Amino acid sequence: MSSTIPLPDLLALTWFALLAIGYQLVSEYGPAARGGIAGSMQRRREQWMAIMSRRDNRTVDAILLGGLSQGNAFFASTCAIAIGGLAAIMGSGDKTQALLERIPYVAKSPPFVWELKVIALMGVFVYAFFKFAWAFRLSHYTAIMLGATPLDDDPDEDGRLDHARRTADLLGIAAEHANRGLRSFYFAFAVMAWFFHPLLFVIATTWVILILVRRDYYSRSRRIVAS
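Conventions adopted
Residues numbered from 1 in each chain as written. Predicted model: local features only at pLDDT ≥ 70, side-chain atom pairs only at ≥ 80, totals over all residues. Heavy atoms only, no water. Core = buried A, V, L, I, M, F, W, Y, C linked by side-chain atoms within 4.5 Å. Buried < 20%, exposed > 50% of the residue type's maximum accessible area, 1.4 Å probe, protein only. Helix = DSSP H or I, 4+ residues; strand = E, 2+ residues; numbered from the N terminus. Contact = heavy atoms within 4.5 Å. Salt bridge = Lys/Arg side-chain N within 4 Å of Asp/Glu carboxyl O.

Engineer: Which parts of the structure should I look at to understand the nonpolar core?
Structural biologist: Side chains of a nonpolar character, in soluble globular proteins, are inclined to be buried together. Ranked by internal contacts, the top residues of the largest apolar core, which has 33 residues, are Phe16, Leu121, Phe125, Phe132, Phe187 and Phe201. At the level of secondary structure, the elements contributing two or more residues to this core comprise α1 (7-29), α3 (59-91), α5 (111-147), α6 (157-194) and α7 (198-218). Ranked by residue count, the leading element in this core is α5, at nine residues. Setting aside chain neighbours within four positions, we find Phe16 in contact with Val124, Phe187, Ala190, Val191, Phe201 and Thr205. Counting eight residues, the second largest nonpolar core, distinct from the first, contains Met49, Met52, Ala164 and Leu171.

This is the structure we're talking about:
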């Protein structure tokens, strides 16, 4: 069995890696980081925590934070299910490959490349699982920080506001990891296109990037949050 990756598949995989990694670097660490919806939402978190620090009753804040935490737990469980399903496909790779390649226009792949496609898709979900699991844990830490926020009548107002800012920063880190996990779901659909044809993989990857750019920087929701 040959372990050489055909050139079209290698180019498609390289294109996927460049776009996926490049978009994360540009959107999170480049000059455009604060201009996107993620940067706008972080400013809203800072506003939320500053208002929270002036409340006597913070039950609503705890409920909102709990809802965010449960969402991360749900997606982490979904990733675990997907990983288990793909592991089962690995166990019956020949049958699954033969069934898929009966579809017209599906490119034939060597067994080694087929396994690489499954492993790549598993890798995306494994990455997403760790991101959602850590975001879930960070949500717990944020809840503790929220509970430790000094009361409004605390004489050290600067200390209370600083604590609120650090709580918002911690919640922002949790949101950052959750956002990476959600983005992985988009890229998982692109990897699924690779099972059909490497050219479709390239098109799907480009399409996903265009969707992410529009939603992060040019969507109506970003304009509403940033206003």
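Engineer: Explain the environment of Met49 to me, please; I cannot follow it from the model alone.
Structural biologist: With respect to the element layout, Met49 can be found in helix α2 (residues 37-52). Residue Met49 is classed as buried on the basis of its relative accessible area, which comes to 0%. Separated by 32 residues in the primary sequence, Met49 and Ala17 place their C-alpha atoms 37 Å from one another. With near-sequence residues (within four places) excluded, Met49 lies in contact with Leu146, Ala164, Thr167, Ala168 and Leu171.

Engineer: For this particular structure, what's the right way to read the pattern of salt bridges?
Structural biologist: Pairing is possible between side chains that carry opposite charge, provided their charged atoms lie close to one another. Within the structure shown, the criterion is met by nine salt bridges. A salt bridge links Arg166 to Asp162; the shortest N-O distance between them is 3.0 Å. Taken together, the residues Arg166 and Asp162, both in helix α6 and four residues apart, mark about one turn of the helix. As a salt-bridge pair, Asp169 and Arg165 come within 3.0 Å of each other at their nearest N and O atoms. Residue Asp169 and its partner Arg165 are both found in helix α6; the two are separated by four residues, about one turn of the helix. Take Arg165: its relative accessible area is 39%, and that puts it in the partly exposed class. One continuous salt-bridge network, built from bridges that share partners, spans Glu28, Glu176, Arg180 and Arg183.

From the geometry alone we can't say anything about function, so treat these as descriptive.
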